[in-house]
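Inside the fold
Here is what each chain is made of, one letter per residue.
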Amino acid sequence: MAIDLAVIPVAGLGTRLLPATKSQPKEMLPVGRRPVVQYVVEELANSGVKRMLFITGYGKSSIEDFFDVNHQLINNLRSTGKEEQLAELAFERNEVEYAYTRQREQLGLGHAVLISEPFVGRQPFVVALGDSIIGMNAQSRIVERMIEEYERNNADVVVAFEELSDPAEVVHYGVAQPRGTITGDTFELAGLIEKPAVDEAPSNLAVAARYVFSPSIYDELRQTERGKGGEIQLTDAMQKVLQKGGKGIGIRLAKNEPRFDIGNFESYFQAFVDFALADPQFGDGLERYLRDKLSLNLPT
Ligand code: UTP
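Thresholds applied
- Residues numbered from 1 in each chain as written.
- Predicted model: local features only at pLDDT ≥ 70, side-chain atom pairs only at ≥ 80, totals over all residues.
- Heavy atoms only, no water.
- Core = buried A, V, L, I, M, F, W, Y, C linked by side-chain atoms within 4.5 Å.
- Buried < 20%, exposed > 50% of the residue type's maximum accessible area, 1.4 Å probe, protein only.
- Contact = heavy atoms within 4.5 Å.
- Phe/Tyr/Trp six-rings, centres within 6.5 Å; stacked < 30°, edge-to-face > 60°.
- Helix = DSSP H or I, 4+ residues; strand = E, 2+ residues; numbered from the N terminus.
- Polar contact = N/O pair within 3.5 Å; in protein donor to acceptor, adjacent residues only side chain to side chain.
- Near = heavy atom within 4 Å.
- Areas by Shrake-Rupley, 256 points an atom, 1.4 Å probe, with all protein chains shown as cover.
- Nonpolar A, V, L, I, M, F, W, Y, C, P; charged D, E, K, R; others polar.

It is worth spelling out the nonpolar core at this point. Ranked by internal contacts, the top residues of the largest apolar core, which has 37 residues, are Leu44 and Phe54. Leu44 has contacts with Ala6, Ile8, Val49, Met52, Val126, Ala128 and Val143, leaving out every residue within four places of it along the chain. Leu114, Leu129, Leu192 and Tyr218 belong to the second-largest nonpolar core, a separate cluster that totals 33 residues.

Here is the structure:
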């Protein structure tokens, strides 16, 4: 049976986005018209995922409310004839099962994934970070391709990577160490180096928020000590799986499926502008506004 289960960690504190995230989850920040996590769920559903397990935490209950059916709102929109707005809630009825559990201490992404073990058990599963959108309006099918490669290669770890246009950026990311030379979009993954120095980076391919794992990841996560920042790092556990002979596959995101990281203000602002410019109703007007504004600011 094809993999149809995804774990979506959304429990992080989002400290890099304070004060915006003081009393709301960063995963609920709007990018264009929708909250980040709605794009994540749509992308996964388009790739065949039918069961979504959110790892939430304190102050994150608006995520559960968002995916629930709001009868009062529906009745109000119906009785006032707001059909267009009603259509915006169609996602409430998509055929996906949602489940939620909480990470009670924010001990890192690896810990968040480990919390899913009693619910997932011994089956392969997807991990999709709830603060990253892949592809404009979630059009990416990267997870579908990852599931196919997982099955074709009998893999243990499949990771999506984005090619960094500026190689100096490697210092901020987990970076792929491919086995041999990369010839296509899919390659064998020998290991991962967390935040390498520029001259020690084995590639310019950065981990891009989507993974497929065999249950062996849990065996390593359980034994992973707290690392940088006192957190249990998912990368450390993946590295262990690979070192012990687990099969790793890397897949590059295509040029037309950019990753939008909503974890810091710089990339959040960029993502918002990109999505707003692509808005069918307001995009053209915004573009005129920005052109006008920017040319006014050019030195004369
Ligand atoms: P980040 O690595 O961006 O960490 O999380 P963070 O804690 O949310 O943000 P900062 O660093 O304080 O600004 C990547 C993804 O993993 C989840 C986050 O919710 C986000 O979707 N995460 C992170 C957890 O679920 N639990 C954690 O303990 C850490």
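All right, on to the packing of aromatic side chains then. By the definition in use, this model includes 15 aromatic pairs. Look at Phe66 and Phe67: their rings are 5.2 Å apart centre to centre, the planes differ by 90°, and that puts the pair in the edge-to-face class.

Moving on to the side chain of Lys60. Among the secondary structure elements, Lys60 is positioned in the loop between strand E4 (51-56) and helix H2 (61-67). From its side chain, Lys60 meets the backbone oxygen of Gly12 in a polar contact 2.8 Å long. Setting aside residues no more than four positions away along its own chain, Lys60 makes contact with Val10, Ala11, Gly12, Pro25, Lys26 and Glu27.

The next point concerns the site of the ligand. Around the ligand sit 18 residues in total, of which Gly12, Thr15, Arg16, Glu27 and Gln103 are the nearest. Contact between the ligand and Ala11: an oxygen atom at 2.9 Å from a main-chain N or O atom of the residue. Between the ligand and Gly12 there is a distance of 2.8 Å, counted from an oxygen atom to a backbone nitrogen or oxygen. Starting from 570 Å² of accessible surface for the ligand in isolation, the protein chains cover 84%. Class assignment of the residues belonging to the shell around the ligand gives a composition of seven nonpolar, seven polar and four charged.

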